[in-house]
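In case you want the letters, here they are:
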Amino acid sequence: MSNENKKDSRTTSEEIKIPDSRNNTDHTEKDLEEEKTDKIPAEAVLSAAESSESSDPDENDEGSVPESDRAENPEADAADNDVIPSEQGAWSDDEEEAQEVLPGKERRRRRRRGKKKQESGKSGKKGLFIAGGIIGGLLLIYLGISAFFIGHFYINTTINGKDFSGKTIADVEDYIKQQVDGYELTIVEQNNDRNTIKGSEIGLEYAESSEIQDALDAQNPLLWPAGFFIRSEENVSIGVNYDEALLNEKLQSIKAVTKDQTESVSAYPKYNGTEYVIEPEVYGSAVNTEVLKEKAVQYITEFRDTLNMMDEECYTMPKYTSESEEVQNACDIMNQYIKAQITYTMDEEVVVDKELISQWLSCDDDMNVTFDEDAVAEWMREFGKKYDTVGTTRSITTPDGKQTEVSGGTYGWIVNEAEETQNLIENIKNGETVTKEPEYKQTAASRSEQDWGTTYAEVDISAQKMWYIVDGSVALTSDVVTGLPADDRDTPTGVYSILYTERDSTLKGEIDPATGKPSYETPVAFWMPFTYQGHGFHDATWQAQFGGDWYLSHGSHGCVNMPYDKASQLFEMITAGTPVIIHN
């Protein structure tokens, strides 16, 4: 809009005359409405109509005066024409123009808004004053309670075991004085025997002390709410005096101390034939005099009247009970050991099971489980003695029917005891179930008494014969010449095995100190030794005859001399490891 148009519009607005119902009562309501319609600019009317349509219907109707009442109520009509100033004070020129043309309903709505804002501001200030008053009142109450706790103990305060919540120093002292007069301590023993110690018998009397005041001074009055959540326990041990010597004398005279004393026994793991279970603890009658005195003093200073010796553990208590975790852990460990079962497949089965393993387990006073590995090694030594056959005496029947015995030698079973002991220990620790043979240093052909089996060489010194048996049948027989039975030249008896076989070997005797040379050097075509000292089968072409008594005068240096052809045949049949049995 141009300035010129704006000026014309303002001039037109100033010319609008709104009849005042209070000064012109002759106009009817209809005349007033017609006059308003004629004089209000179209733009203002349109703006007011749009504002009226956008407002809340309920809000517009609230507080409005019905049309029928306006003619009869000039004051309501006049109120509709009242002018409402802006919230900031005087109107601007534009606001004045707008107010002059606002319909009555719009003015009433704005007036109600203004009143609500004024009332809201007053209500907010009032709330602040109330809140401030409440806070101030609570602070005064808090400080008042704090002042109370300057001379009183916190809630949840105990002194010498007695509750003195909210009490004064005087209350504590009065209580102590009252308790001293006529005080008696009853001591209840394990079997319910009772002993009584009177305060007068030990010179019990009240003794003033600064410790009660010190305990009160130690609390901060401003922190009194903490007493509801934290229990304060004060020990004012000098509240009373007593004659210590008299107390000791009374304690030493009670029945539990004077009768025979037996020590308590802790619970422990016990093997029941199937598993380890907890053997319950046993309570003895031995009194722990130090604990008894300590508890008696505590009860006297707290004016408690009954001391139960079992409850207060005045006896020498078991270190561990059935409920102790250490005992259960020990049981679990020991049961893990006895899960193992090791079966050795000997000529008959040998089983290491829970019955045997339980003998190697023990538990000390601290519930430490011990597995006795030395005992395992000792068992293995006995096992070896039973099943080792080297050097043992065995019976034999020669091919010609002679029955005899043979002992000594190097052939047979030898258990590797050291290695098998460690294997067995590991099997047990791991709780394993296994079936096996032990580790051996040396094995034999059979687990029977004749462990040489059915293939072997046999020499009968007394008969001067040898046989080579293959699978139980004689494969070779020969007369022989054995060692001269003098000058340590005997052929050794026992069970041996062929160490190796060799063609065209030179046999040498021991070194002669006089000459520094071997006592003999004899070449042979077939050499089959069975001892590391140089005894063996070989051909002996220098012998004039074999068998009979020839060996008594022409015996060898210990070897078994054979005819050349027989030695050759044996050499072709026998192998290293073949058992050799030599007997008389």
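Residues numbered from 1 in each chain as written. Predicted model: local features only at pLDDT ≥ 70, side-chain atom pairs only at ≥ 80, totals over all residues. Heavy atoms only, no water.

**With respect to the packing of helix H16 (residues 373–387) against helix H17 (residues 417–429)**
Link 1 in the chain: Across the interface, H16 lies against H17 with an axial gap of 9 Å and an inter-helix angle of 130 degrees. By the angle between their directions, the pair H16 and H17 is classed as oblique. Considering how the two elements wind past one another, H16 and H17 form a crossing that is right-handed. Together, Glu373, Val376, Ala377, Trp379, Met380, Arg381, Gly384 and Lys385 of H16 and Glu417, Glu420, Thr421, Leu424, Ile425 and Lys429 of H17 make up the contact between the two elements. (Axes fitted to C-alpha atoms, helices over the stretch in contact; angles between N-to-C directions. Helix = DSSP H or I, 4+ residues; strand = E, 2+ residues; numbered from the N terminus. Parallel < 35°, antiparallel > 145°, perpendicular 65-115°, else oblique. Left-handed = near helix turned anticlockwise from the far one by under 90°. Contact = heavy atoms within 4.5 Å.)

**Quick word on the nonpolar core**
Link 1 in the chain: Tyr344, Val352, Trp360, Trp379, Phe383, Leu424 and Ile428 are the most contacted members of the largest nonpolar core, which has 38 residues in total.
Link 2 in the chain: Counting only elements with at least two residues in this core, the list comes to helix H14 (325–337), strand E11 (341–345), strand E12 (349–352), helix H15 (354–357), H16, H17 and strand E21 (465–470).
Link 3 in the chain: The greatest single-element share of this core, amounting to 5 residues, is contributed by H16.
Link 4 in the chain: When sequence neighbours within four positions are dropped, the list of residues in contact with Leu424 reads Ile342, Tyr344, Val352, Trp360, Val376, Trp379 and Met380.
Link 5 in the chain: Residues Val172, Ile254, Val287 and Tyr315 belong to the second largest nonpolar core, which totals 34 residues. (Core = buried A, V, L, I, M, F, W, Y, C linked by side-chain atoms within 4.5 Å. Buried < 20%, exposed > 50% of the residue type's maximum accessible area, 1.4 Å probe, protein only.)

**Some details on the packing of helix H11 (residues 244–252) against helix H13 (residues 289–301)**
Link 1 in the chain: Packing of H11 against H13 brings their axes to within 11 Å, and their N-to-C directions diverge by 120 degrees. When the interaxial angle is binned, H11 and H13 end up oblique. Seen along the crossing, H11 lies across H13 with a hand that is right-handed. The residues of H13 that touch H11, namely those facing Glu244, Leu247, Asn248, Leu251 and Gln252, are Thr289, Leu292, Lys293, Ala296, Val297 and Ile300.
Link 2 in the chain: Partitioned by chemical class, the residues of the contact of H11 with H13 number 6 nonpolar, 3 polar and 2 charged. (Nonpolar A, V, L, I, M, F, W, Y, C, P; charged D, E, K, R; others polar.)

**Remarks on the packing of aromatic side chains**
Link 1 in the chain: For the structure on display, the rule yields 18 aromatic pairs.
Link 2 in the chain: Ring geometry for Trp413 and Tyr440: centres 4.9 Å apart, planes at 50 degrees, overall tilted. With Trp413 in the loop between strand E16 (403–408) and strand E17 (414–415) and Tyr440 in strand E19 (residues 440–442), this residue pair connects regions lying 27 residues apart in the sequence.
Link 3 in the chain: Residue classification places Tyr440 among the buried residues on the basis of a relative accessible area of 17%.
Link 4 in the chain: For the pair Phe526 and Phe571, a centre-to-centre distance of 5.5 Å together with 45 degrees between the ring planes defines the contact as tilted. One end of the pair, Phe526, is in strand E27 (residues 521–529); the other, Phe571, is in helix H19 (residues 564–573), with 45 residues separating them in the sequence. Note on accessibility: Phe526 and Phe571 belong to one class, buried.
Link 5 in the chain: Feature note: the residues Tyr344, Trp360, Trp379, Phe383 and Tyr387 constitute an aromatic cluster, connected by ring pairs.
Link 6 in the chain: The ring of Tyr299 carries Arg304 above its face, with NZ or CZ at 4.0 Å from the centroid. (Phe/Tyr/Trp six-rings, centres within 6.5 Å; stacked < 30°, edge-to-face > 60°. Lys NZ or Arg CZ within 6 Å of the ring centre and 35° of its normal.)

**Regarding the pattern of salt bridges**
Link 1 in the chain: Applying the stated rule across the entire model yields 14 salt bridges.
Link 2 in the chain: Across the pair Glu572 and Arg503 runs a salt bridge, and its minimum N-O distance is 2.7 Å. In this pair, Glu572 sits in helix H19 while Arg503 sits in strand E24 (residues 502–508), placing the two residues 69 residues apart along the sequence. (Salt bridge = Lys/Arg side-chain N within 4 Å of Asp/Glu carboxyl O.)

**Examining the sheet that holds strand E23 (residues 494–497)**
Link 1 in the chain: Strand order across the open sheet formed by 5 strands is E22-E21-E20-E30-E23, with mixed pairing between neighbours. The open sheet has two edge strands with one neighbour each: strand E22 (473–479) and E23. Each neighbouring strand pair of the sheet contributes to a mean axis angle of 20 degrees, computed without reference to strand direction.
Link 2 in the chain: Here H19 sits on the sheet and contacts E21 and E22; the angle it forms with E22, its principal contact strand, is near 150 degrees. (Pairing = 2+ DSSP bridges.)

**What to know about the pairing of strand E3 (residues 184–188)**
Link 1 in the chain: Counting buried residues in E3 gives 4 out of 5 residues, a clear majority hidden from the surface.
Link 2 in the chain: Judged from the 5 bridges that link them, E3 and strand E4 (residues 194–198) form a sheet pairing that is antiparallel. Within E4, the residue paired with Val188 across the bridge is Arg194.
Link 3 in the chain: Taking the residues that link successive antiparallel strands as the turn, the E3-E4 hairpin has 5 residues, and the phi of Asn192 there is positive, at about 75 degrees.
Link 4 in the chain: The pairing of E3 with strand E10 (residues 306–308) spans 3 bridges and is parallel. By the bridge assignment for E10, Ile187 is matched with Leu307.

**A look at H16**
Link 1 in the chain: Taking 1.5 Å per residue as the helical rise, H16 with its 15 residues ought to reach 21 Å, and the 21 Å between its terminal C-alpha atoms agrees with that figure.
Link 2 in the chain: Here H16 has its buried residues at Val376, Ala377, Trp379, Met380, Phe383, Gly384 and Tyr387. Angular distribution of buried residues about the axis of H16 spans 160 degrees; they occupy a single face of the element. Of the residues in H16, the exposed ones pointing more than 90 degrees away from the buried face are Asp374, Lys385 and Lys386.
Link 3 in the chain: Its buried side turned inward, H16 meets E11, E12, H15, strand E14 (369–371), E17 and H17.
Link 4 in the chain: Of the residues flanking the start of H16, the one acting as N-cap is Asp372, its side-chain oxygen 3.2 Å from the backbone nitrogen of Asp374. (Expected span 1.5 Å × (residues − 1). Arc of directions from axis to C-beta. Polar contact = N/O pair within 3.5 Å; in protein donor to acceptor, adjacent residues only side chain to side chain.)

**Some remarks on the side chain of Ser358**
Link 1 in the chain: For Ser358, the location among the structural elements is in the loop between H15 and strand E13 (361–363).
Link 2 in the chain: Residue class for Ser358 comes out buried when judged on its relative accessible area of 11%.
Link 3 in the chain: Apart from residues lying up to four places away in sequence, Ser358 is in contact with Tyr271, Tyr276 and Ile338.

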